[in-house]
Amino acid sequence: MRVERLQDISREDAMAEGIVTQPDGGYGLADTTHYRATDPRHSYWSLWEAINGPGSVEANPWVWAVTFHAVSPGHG
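Residues numbered from 1 in each chain as written. Predicted model: local features only at pLDDT ≥ 70, side-chain atom pairs only at ≥ 80, totals over all residues. Heavy atoms only, no water.

Chemist: Any chance you could explain the overall build of the protein chain here in plain terms?
Modeler: On a plain count of helices and strands, the protein chain comes out with two helices and four strands. Starting at the N terminus and ending at the C terminus, the protein chain contains elements arranged as β-α-β-β-α-β. Dimensions of the protein chain, computed from the C-alpha atoms along their principal axes, are close to 45 × 35 × 20 Å. Burial status across the protein chain gives 32% buried among its 76 residues. In the protein chain, of all internal contacts separated by at least 6 residues, the share reaching a separation of at least 24 is 46%. Total accessible area on the protein chain is roughly 5200 Å²; 55% of this is exposed by carbon and sulfur atoms. Each charge sign in the protein chain was given a centre, from 5 positive and 10 negative side chains, and these centres are 4 Å apart. (Helix = DSSP H or I, 4+ residues; strand = E, 2+ residues; numbered from the N terminus. Buried < 20%, exposed > 50% of the residue type's maximum accessible area, 1.4 Å probe, protein only. Contact = heavy atoms within 4.5 Å. Areas by Shrake-Rupley, 256 points an atom, 1.4 Å probe, with all protein chains shown as cover. Lys, Arg positive; Asp, Glu negative; His and termini not counted. Charge placed at Lys NZ, Arg CZ, Asp CG, Glu CD.)

So this is what it looks like as structure tokens:
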């Protein structure tokens, strides 16, 4: 777990938040909304603004970044 500014999200972390590569190589949600051609972070920020309102990305708030790892049964 760590704290970072919203705009400091990595490309990999944006993908972990649900942004996927589209058939044409762009990025967006699986349903193709929040599509951006070159950078998954821009797609994530589009989604963030849809949820949190206009100007919420520009405000660049501090956010918690939590990483989870899958654990196989019996290997807790």
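Chemist: Would you mind showing me how to read the pattern of salt bridges here?
Modeler: As a working rule, side chains carrying opposite charge can pair if their charged atoms are close by. Taken as a whole, this structure holds four salt bridges when the rule is applied. With a shortest N-O distance of 3.7 Å, Asp39 and Arg11 are connected by a salt bridge. Pair noted here: Asp39 is in the loop between strand E3 (27-28) and helix H2 (40-52) and Arg11 is in helix H1 (residues 11-16), with a separation of 28 residues, a long-range link. The exposure class of Arg11 is partly exposed, given its relative accessible area of 33%. Taking the shortest distance from any N to any O, the salt bridge between Asp39 and Arg41 comes out at 2.6 Å. With a relative accessible area of 7%, Asp39 lands in the buried category. What makes Arg41 partly exposed here is its relative accessible area of 26%. Bridged by salt links that share partners, the residues Arg2, Glu4 and Asp13 form one connected network. (Salt bridge = Lys/Arg side-chain N within 4 Å of Asp/Glu carboxyl O.)

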